[in-house]
Amino acid sequence: MMQCSHCQSNQTVKNGRRNGIQNYLCRSCGRQFRETHRPQGYPPEVKQHCLNLYLNGMGFRAIERVSGVCHNTVINWVKQAEQALPEEDYEIPESAQIDELQAFVGSKKSKAGSGSPSIQAPLTFSNGWLATVPSPRFGCFGA
Ligand SMILES: [Zn+2]
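Everything numeric in this text was worked out from a predicted model, so none of it was measured.

Within the open sheet, the 3 strands sit side by side as β1-β2-β3. Their pairing is antiparallel. Two strands close off the open sheet at either side, each with one partner strand: β1 (12-18) and β3 (32-34). The sheet shows a mean angle of 30° between the axes of neighbouring strands, direction not considered. The sheet contact formed by strand β2 (residues 21-26) and β3 spans 3 bridges and is antiparallel. Following the sheet pairing, Asn-23 is matched in β3 by Arg-34.

Let us now look at the packing of helix α1 (residues 44-55) against helix α3 (residues 71-83). It is the contact of α1 with α3, at a shortest axis distance of 10 Å, that shows an interaxial angle of 80°. Here α1 is positioned roughly perpendicular relative to α3, judged by the angle of their axes. Where α1 abuts α3, its residues Lys-47, Cys-50, Leu-51 and Tyr-54 lie against Val-74, Trp-77, Val-78 and Ala-81.

We now examine the pairing of β1. Note: β1 against β2, 5 bridges, orientation antiparallel. Bridge assignment links Arg-18 to a residue of β2, and that residue is Ile-21. A loop of 2 residues connects β1 with β2, the two strands running antiparallel in sequence, and Asn-19 in this loop sits at a positive phi of about 55°.

Calculation rules
Residues numbered from 1 in each chain as written. Predicted model: local features only at pLDDT ≥ 70, side-chain atom pairs only at ≥ 80, totals over all residues. Pairing = 2+ DSSP bridges. Helix = DSSP H or I, 4+ residues; strand = E, 2+ residues; numbered from the N terminus. Axes fitted to C-alpha atoms, helices over the stretch in contact; angles between N-to-C directions. Parallel < 35°, antiparallel > 145°, perpendicular 65-115°, else oblique. Contact = placed C-beta atoms within 7 Å.

Dropping the structure here:
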């Protein structure tokens, strides 16, 4: 019997399917809930263990060897965990980027007076800042 996700009651009945996912109705609290979806089939303890290994600097292949969990699954878990992080965790890199931007704009301004070419600056900046951005136009950012 499926346990109610709201009140943990076992007084539940099947209540039809939607998009292939079984829906249940709880007779105890009267609310509906969906079948617990575990795409990888691993218990949360295993997932947490693998995330801990990753946080301790272990590579995905090494985690696969010691835990038996496919490295692709671990990568997905890490992605999910990163998306679930609160906004505050991203403040430090963002402010670092702004500092870099200001340093770049500042150095460009000072170089403009001296007449020396500053074409290297935006290239270095775009590489160091967001190496994953594929657009070559990104080099014009802040210009
Ligand atoms: Zn319930």
